[in-house]
Amino acid sequence: MNERIHIDALGPAIGASIGGLDLRRALSDNQFEQLYHALLRHQVIFLKGQDISPTQQRDLARRFGDLHIHPVYPHAPGVDEIIVLDTHNDNPPDNDNWHTDVTFIDTPPAVAILAAKQLPETGGDTLWSSGIAAWEALSDGVKALLRGLQGEHDFRKSFPEHNYRHSEQEHQRWLRAVADHPPQLHPVVRTHPVSGREALFVNEGFTTRLVGVTPKESEALLGFLFAHITQPAFQVRWRWQVGDVAIWDNRVTQHYANADYLPQRRIMHRATVLGDKPFYRG
Ligand SMILES: O=C(O)CCC(=O)C(=O)O
Ligand SMILES: [Fe+2]
């Protein structure tokens, strides 16, 4: 099994569509290597018409590393590692903000895999932005200012208490999640542990402040950076079909799930691969 996979770049900065793989079968080491290489280069890759089961998705994700079990999102029956994002009028989407997944832990995910299970007739696209392209576009002066700074990332920014008060059990679970996840500091610019590329690593979903600067400076700098990453030049947008799978490098990207489809329903499955502690080599 030495077949080349097909890679179609979706733009110069980020995104590629991959053909020639069937994710329902275990990939050969060679196929996995090609897939991983495409992921490092393009940061988010899309595989159409895969229709994988939760266990197939979990097993694919395990090829990339150990899996994260989310503290509050519900899981697929019998497969704790697969998050079910089932959104409709009674459970409105909460991923319609720019974020990198789970940066509130010490070792945020390296990779995430998302599979489309049920989709609205139209809408519900997802967008990804490249932290590498966003970093490279900054001037030398601003890069110099940001190098060496750290940002604080807090679970509560995207999971506020008032959303978890529907039952006593839900509230207790949230309180435990908060106790287990104190805010973490990560470098504002990180070095990719495999490719060595540098990427902006603050996200509106979880980054609450920059440390080592005044509160007003922090607010202004973060406001600028959160706006900076929304430039279309750094982005790719995927229009889903049921069965599509997206795999992203969560170390150097952020994403936004468009919430334009209510009252229609949308169901996605996500597997999340743990990463290492972000660092900046400088
Ligand atoms: O539902 C989506 O398109 C993406 C949701 C999301 O933010 C995630 O799975 O990490
Ligand atoms: Fe996400």
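In case you missed it, the structure is sitting above this.
Residues numbered from 1 in each chain as written. Chains lettered and ligands numbered in written order. Predicted model: local features only at pLDDT ≥ 70, side-chain atom pairs only at ≥ 80, totals over all residues. Heavy atoms only, no water.

For this particular structure, what's the right way to read the coordination of the iron ion (ligand 2)?
Four donors placed tetrahedrally about a metal ideally form angles of 109.5 degrees, and six donors placed octahedrally ideally form angles of 90 or 180 degrees. On the protein side, the iron ion (ligand 2) has His99 (NE2), Asp101 (OD) and His255 (NE2) as donor atoms, found 2.1 Å from it. Each donor residue of the iron ion (ligand 2) lies on the same chain, and together they follow the pattern H-x1-D-x153-H. Of the two residues, His99 is situated in the loop between β5 (79-87) and β6 (111-118) and His255 in strand β15 (residues 253-257); the sequence distance between them amounts to 156 residues. Pair check on accessibility: His99 and His255 agree, each one buried. (Donors = N, O, S within 2.8 Å, 3.2 Å for Na, K, Ca; no water. Helix = DSSP H or I, 4+ residues; strand = E, 2+ residues; numbered from the N terminus. Buried < 20%, exposed > 50% of the residue type's maximum accessible area, 1.4 Å probe, protein only.)

Before we go on, may I ask you to explain the packing of aromatic side chains in this structure?
The description of an aromatic ring pair rests on the distance of the ring centres and on the angle between the ring planes. Using the criterion set out here, one finds 15 aromatic pairs in the structure. Ring plane angle 20° and centroid distance 6.0 Å describe the contact between Phe32 and Tyr36, whose orientation is recorded as stacked. Pair noted here: Phe32 and Tyr36 are both in helix α1 (residues 29-42), with a separation of 4 residues, about one helical turn. Assessed through its relative accessible area of 14%, Phe32 is described here as buried. Relative to Phe206, the ring of Phe104 has its centre 5.1 Å away and its plane inclined at 65°; by these criteria the two rings are edge-to-face. Pair noted here: Phe104 is in the loop between β5 and β6 and Phe206 is in the loop between β11 (198-200) and β12 (207-211), with a separation of 102 residues, a long-range link. You can call Phe104 buried: its relative accessible area is 1%. The cationic tip of Arg190 hangs over the ring face of Phe201; the distance from NZ or CZ to the ring centre is 4.6 Å. (Phe/Tyr/Trp six-rings, centres within 6.5 Å; stacked < 30°, edge-to-face > 60°. Lys NZ or Arg CZ within 6 Å of the ring centre and 35° of its normal.)

Would you take a moment to explain the sheet that holds strand β3 (residues 44-47) for this structure?
The sheet built from 8 strands is open, its strands ordered β1-β2-β3-β14-β6-β16-β5-β4 with mixed pairing. In the strand order of this sheet, the two ends are held by β1 (6-9) and β4 (75-76), each with one partner. Alignment of β5 against strand β16 (residues 266-273), held across 6 bridges, turns out to be antiparallel. By the bridge assignment, Ile83 is partnered in β16 with Arg270. Lying over the sheet, helix α2 (residues 54-62) contacts β4, β5, β6, β14 (245-249) and β16, oriented at roughly 120° with respect to β5. (Pairing = 2+ DSSP bridges. Contact = heavy atoms within 4.5 Å. Axes fitted to C-alpha atoms, helices over the stretch in contact; angles between N-to-C directions.)

Mind showing me how you'd approach the sheet that holds strand β7 (residues 126-130) here?
The pairing of strands in a sheet happens through backbone hydrogen bonds and is either parallel or antiparallel. In spatial order, the strands read β13-β7-β15; together these 3 strands make up an open sheet with antiparallel pairing. Two strands lie at the open edges of the sheet, namely β13 (235-238) and β15, each paired on one side alone. Taken over all neighbouring pairs, the strand axes of this sheet differ in orientation by 20° on average, direction set aside. Bridging between β7 and β13 involves 4 bridges; their strand directions are antiparallel. Across the sheet, Ser129 pairs through a bridge with Gln235, a residue of β13.

How should the site of ligand 1 be read in this particular structure?
Residues in close proximity to ligand 1 include Leu85, Asn95, His99, Asp101, Leu114, Thr126, Trp248, His255, Ala257, Arg266, Met268 and Arg270, which together make up its full environment. Taking Asn95, its side chain carries an N or O atom lying 3.4 Å from an oxygen atom of ligand 1. Arg266 places a polar side-chain atom, nitrogen or oxygen, 2.7 Å from an oxygen atom of ligand 1. Protein chains bury 98% of the 290 Å² of accessible surface belonging to ligand 1 in isolation. Sorting elements by how many residues they give to the shell around ligand 1 places β16 first, with 3 residues. Partitioning the shell around ligand 1 into residue classes produces 5 nonpolar, 4 polar and 3 charged. (Near = heavy atom within 4 Å. Polar contact = N/O pair within 3.5 Å; in protein donor to acceptor, adjacent residues only side chain to side chain. Areas by Shrake-Rupley, 256 points an atom, 1.4 Å probe, with all protein chains shown as cover. Nonpolar A, V, L, I, M, F, W, Y, C, P; charged D, E, K, R; others polar.)

How should α2 be read in this particular structure?
Note on helix geometry: an α-helix contains 3.6 residues per turn, so any two residues three or four positions apart are oriented the same way. Buried residues of α2: Gln57, Arg58, Leu60 and Ala61, and no others. Along the axis of α2, the buried positions cluster into a sector of 165°, meaning they face one direction only. Buried residues along α2 sit against β5, β6, β14 and β16. (Arc of directions from axis to C-beta.)

Would you mind going over the pattern of salt bridges with me for this structure?
Any two side chains of opposite charge can pair, given that their charged atoms come close. Under the criterion given, the structure shown has 15 salt bridges. A salt bridge links Arg62 to Asp59, with the nearest nitrogen and oxygen atoms 3.9 Å apart. With Arg62 and Asp59 both in helix α2, this residue pair falls 3 residues apart, about one helical turn. The class of Asp59 is partly exposed, set by a relative accessible area of 40%. With its nearest N and O atoms 3.1 Å apart, the salt bridge here joins Arg165 to Glu161. On the accessibility criterion, Arg165 (53% relative accessible area) is exposed. Under the relative-accessibility criterion, Glu161 is labelled partly exposed at 29%. Ionic contacts of the salt-bridge type, sharing partners, join the residues Arg58, Asp59, Arg62 and Glu81 into one network. (Salt bridge = Lys/Arg side-chain N within 4 Å of Asp/Glu carboxyl O.)

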